[in-house]
Amino acid sequence: MTILKGRTIITMLLMGLVFVGCSNDDDEELLGNWIKKSSFDGPARSSATSFVIGSYAYVATGYTGDEYLKDLWAYNSDGDYWEQKADFTGVARSSASGFELDGKGYIGLGYDGTNKLKDFYQYNPNTNSWSQKADFTGTARYSAVGFQVGGKAYFGTGYDGNYLKDFYQYNANSNSWSQVNGFSGNKRRNATVFIIDDKAYLGTGVNNGAYQVDFWMFDPSTDTWIKKRDIDQDDDDDDTYNDDYAITRSNASAFSINGLGYVACGESSKTIWEYNPTTDVWKEKTALEGSGRTDAIGFSINQRGFVLLGRSGSSYYDDAWEFKPLEEQNDDDN
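About the criteria used
- Chains are numbered independently. Their residues run from 1 in the order of the written sequence.
- Only residues with pLDDT of at least 70 get local features here, since the model is predicted, and only at 80 or more are side-chain atom pairs given and counted; chain-wide, interface and lining totals rely on the full set of residues.
- Values shown for side chains rest on all heavy atoms present in the structure; no hydrogens or waters enter the calculation.
- Any two strands between which DSSP finds at least two bridges are classified as paired.
- Counting from the N terminus, the helices are the DSSP runs of H or I reaching at least four residues and the strands are the DSSP runs of E reaching at least two.
- Helix axes are fitted to C-alpha atoms over the stretch in contact, other axes to C-alpha atoms as well, and angles between N-to-C directions run from 0 to 180 degrees.
- pLDDT is a residue-level measure of predictor confidence that goes from 0 to 100.
- Contacts: residue pairs with any heavy atoms within 4.5 Å of one another.
- Among the buried residues, those of types Ala, Val, Leu, Ile, Met, Phe, Trp, Tyr and Cys that are joined through side-chain atoms within 4.5 Å form a nonpolar core.
- To sort residues, take the accessible area from a 1.4 Å probe on protein chains only and compare it with the maximum for the residue type: under 20% means buried, over 50% means exposed, and anything in between is partly exposed.
- For this analysis, a salt bridge means a side-chain nitrogen from Lys or Arg found within 4 Å of a carboxyl oxygen belonging to Asp or Glu.

Some details on the sheet that holds strand E10 (residues 145–149)
Here is step 1: Taken together, the four strands give an open sheet; going across it, the order is E10-E11-E12-E13, and neighbouring strands pair in antiparallel fashion. At either end of the open sheet lies a strand with only one pairing partner, and these are E10 and strand E13 (176–179). Ignoring which end each strand starts from, the neighbouring axes of this sheet average 30 degrees apart.
Here is step 2: The pairing of strand E12 (residues 163–171) with E13 spans four bridges and is antiparallel. Residue pairing in the sheet places Asn171 in a bridge with Ser176 of E13.

What to know about the confidence of the model for the chain
Here is step 1: Per-residue pLDDT for the chain averages 90, and the proportion of residues at 70 or more is 88%.
Here is step 2: With pLDDT under 50 throughout, residues 1–27 is counted as low confidence; its partners more than four residues away or in other chains account for two contacts.

Here's the deal with the sheet that holds strand E20 (residues 253–257)
Here is step 1: Strand order in the open sheet made by the four strands is E20-E21-E22-E23, with antiparallel pairing throughout. What marks the edges here is a single partner per strand, and that holds for E20 and strand E23 (281–285). The sheet shows a mean angle of 25 degrees between the axes of neighbouring strands, direction not considered.
Here is step 2: Pairing between E20 and strand E21 (residues 260–266): five bridges, direction antiparallel. Note that in E21 the partner of Ser256 across the bridge is Gly261.

Some words on the nonpolar core
Here is step 1: In this structure, Phe194, Tyr201, Phe215 and Trp282 are the most contacted members of the largest nonpolar core, which totals 15 residues.
Here is step 2: Put simply, the parts of the chain that give this core at least two residues each are strand E14 (192–196), strand E18 (215–219), strand E22 (269–276) and E23.
Here is step 3: In this structure, Tyr201 is in contact with Thr192, Val193, Phe194, Ile196, Phe215, Trp216, Met217, Tyr275 and Pro277, ignoring residues within four places of it in sequence.

Let's talk about the pattern of salt bridges
Here is step 1: One pass over the full model with this rule turns up 12 salt bridges.
Here is step 2: Notably, a salt bridge pairs Arg293 with Asp319, separated by 2.7 Å at the nearest N-O pair. Taken together, the residues Arg293 in the loop between E23 and strand E24 (297–300) and Asp319 in the loop between strand E27 (315–316) and strand E28 (320–324) connect sequence positions 26 residues apart. Each member of the pair Arg293 and Asp319 is classed as buried.
Here is step 3: With a closest N to O distance of 2.8 Å, Arg304 and Glu322 form a salt bridge. Here Arg304 is found in the loop between E24 and strand E25 (305–308), whereas its partner Glu322 is found in strand E28, with 18 residues between them in sequence.

Structure (structure tokens):
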């Protein structure tokens with residue numbers, strides 16, 4: 001029989017407590033639940049674009065794997081159903097960019113299978129009609145970001161044969177574009193943007209085959225970009241950071257809910273990460289319950305977040321999902 005002395009027993013007990021603590025952290029379940037919504041009524045597609053007006057999200061253009069599209073669909077978030085609207089009047093395209101400004105939707109840029117584009121159009125939901133506006137001032141491009149923040153609307157980054165980092169503001173009153181203060185981050189295409197408290201947060205994307213890890217906040221009141229922590233942060237001295245970040249990606253989707261930002265999917269991924277602007281820290285949440293996907297779209301409607309469409313390889317999707325960040329994951333609600 002082996003006899004252990006008191007000091008040895010105490011040491012082993014303390015070590016056991018340490019291992020139990022680590023195990024609990026590693027096994028902690030992720031929070032968040034996905035609810036399947038009414039499937040998109042149009043053809044399954046990737047690389048569509050969208051804008052939100054009131055309680056409606058408008059989804060247009062995209063690529064089926066065989067065809068470039070120009071149809072427009074409105075999602076009624078209160079009733080959970082889709083309505084087809086007037087077709088986009090520009091050429092069919094994918095990888096376009098869009099935003100909402102003063103109750104109207106705007107779409108421009110993109111790729112039609114042959115050409116990079118710079119034309120630009122306004123959608124009026126009251127008349128269900130499109131009108132062409134002044135061409136984008138920058139170079140023709142696709143996979144740029146479009147967003148409206150603080151009453152100002154922007155296109156920027158993307159690919160015109162070169163990876164880009166320039167930004168332009170659209171003035172609806174004068175129907176004109178103007179280049180704005182330079183973006184200090186890296187050039188990229190297929191980045192993501194979400195809006196929190198009249199600030200835009202931009203990250204992810206790819207440049208020359210490398211995922212971009214820098215993350216930035218844009219303040220429209222001062223036209224300045226402020227660097228935040230890199231999204232691949234691995235700092236052993238800062239225990240507020242996850243030591244195994246996996247946010248870096250391109251072709252992802254983004255939205256914001258109740259003061260927090262979310263980046264989901266991308267490159268056949270189904271993971272989602274939550275950003276807290278107060279702490280500048282990310283936290284992993286429950287992965288999408290549908291298929292992993294790239295080139296999906298994400299948007300927020302009245303503090304509700306959605307991810308839909310996209311593709312994985314040659315498979316194109318028409319499903320739509322709502323994310324509930326405060327609920328526990330439930331296998332039986334879809």
